[in-house]
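Commentary on secondary and tertiary structure
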Amino acid sequence: MLEGEFLKFNSNSGYTNGAEFMQALSHYSYHVTGGKHLLCDLQGGHYEDAYVLTDPVIMSKDNSKAYGSGDLGSEGIDNFFAHHECNKYCRWSWAKPQMPRVSSRIPCSASTSFSLTLGTLKSKQERKKDLIAQFNKKWGTGGH
């Protein structure tokens, strides 16, 4: 159990409480992973001489959702950086997306955003057609 003051420093949607060091930590995570991942949704206990971070989110550029429902993929990373302002802890040489854009699907909020559908949305008919094609490829039948 955390005994210090609990604070929400940033979220996976671009929200920040203004804590520059935590914003720089998120930015650095993107840089050190070669732009493949972003550590965010930083929150936890603040003690006199330390911070203890709890349940952060990792977002992945490859849209694999490898890190769970809070992994908003490349769209989430772009959205984060569209809201990010480099500060005295960031370095000018750190990598960041070329032209990050605010996502209309990810509202900037202090709460964690979950389960963004990545990729294009398909109609029920398109999904059925894809399933039939996959079935036919695997089993080699008419599959109507």
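Residues numbered from 1 in each chain as written. Predicted model: local features only at pLDDT ≥ 70, side-chain atom pairs only at ≥ 80, totals over all residues. Heavy atoms only, no water.

One open sheet accounts for 3 strands, arranged β1-β3-β4; its pairing is antiparallel. Among the strands making up the open sheet, the edge pair consists of β1 (5-8) and β4 (51-53). Neighbour to neighbour, the strand axes of the sheet diverge by 30° on average, direction disregarded. Note that strand β3 (residues 43-46) and β4 share 3 bridges and pair antiparallel. Bridge pairing in β4 places glycine 45 opposite valine 52. (Pairing = 2+ DSSP bridges. Helix = DSSP H or I, 4+ residues; strand = E, 2+ residues; numbered from the N terminus. Axes fitted to C-alpha atoms, helices over the stretch in contact; angles between N-to-C directions.)

What follows deals with helix α2 (residues 73-83). Taken together, the buried positions of α2 are occupied by Gly73, Gly76, Ile77, Asn79, Phe80 and Phe81. Packed against the buried residues of α2 are α1 (20-32), β2 (37-40) and β5 (57-60). (Buried < 20%, exposed > 50% of the residue type's maximum accessible area, 1.4 Å probe, protein only. Contact = heavy atoms within 4.5 Å.)

Right, let's get into the side chain of histidine 27. Locating histidine 27 in the fold gives a position in helix α1. Of note is the side chain of histidine 27, whose polar atom sits 3.2 Å from the side chain of histidine 84. Apart from residues lying up to four places away in sequence, histidine 27 is in contact with Phe81, His84, Cys86, Cys90, Trp94, Ala95 and Lys96. (Polar contact = N/O pair within 3.5 Å; in protein donor to acceptor, adjacent residues only side chain to side chain.)

With that out of the way, let us pick up the packing of α1 against α2. Closest axis-to-axis distance for the α1/α2 pair is 12 Å, and the angle between their directions is 135°. Relative to α2, the element α1 is oriented oblique. In terms of crossing hand, the pair formed by α1 and α2 is left-handed. On the side of α1, the interface is formed by Gln23, Ser26, His27 and Tyr30, while α2 contributes Ile77, Phe80 and Phe81. A per-class count over the contact of α1 with α2 returns 4 nonpolar, 3 polar and no charged. (Parallel < 35°, antiparallel > 145°, perpendicular 65-115°, else oblique. Left-handed = near helix turned anticlockwise from the far one by under 90°. Nonpolar A, V, L, I, M, F, W, Y, C, P; charged D, E, K, R; others polar.)

So, on to the packing of aromatic side chains. Under the criterion given, the structure shown has 5 aromatic pairs. Ring centres of phenylalanine 9 and tyrosine 51 lie 5.4 Å apart, and the angle between their planes is 80°; on these two criteria the pair is classed as edge-to-face. A residue pair is termed long-range when its members are at least 10 positions apart, and phenylalanine 9 in the loop between β1 and α1 and tyrosine 51 in strand β4 qualify at 42 residues. For tyrosine 51, a relative accessible area of 43% puts it in the partly exposed group. Cluster of aromatic residues (ring-pair linked, three or more members): Tyr30, Phe80 and Phe81. (Phe/Tyr/Trp six-rings, centres within 6.5 Å; stacked < 30°, edge-to-face > 60°.)

Take the pattern of salt bridges next. Scanning the model with the defined rule gives 2 salt bridges in all. Between aspartate 41 and lysine 8 there is a salt bridge whose closest N-O contact spans 2.4 Å. You can see aspartate 41 sitting in the loop between β2 and β3 and its partner lysine 8 sitting in strand β1, a full 33 residues away along the chain. Assigned by exposure class, aspartate 41 and lysine 8 land together as buried. Across the salt bridge formed by glutamate 75 and arginine 105, the nearest N and O atoms sit 2.6 Å from each other. Taken together, the residues glutamate 75 in helix α2 and arginine 105 in the loop between α2 and α3 (124-139) connect sequence positions 30 residues apart. Judged by its relative accessible area of 35%, arginine 105 falls in the partly exposed class. (Salt bridge = Lys/Arg side-chain N within 4 Å of Asp/Glu carboxyl O.)

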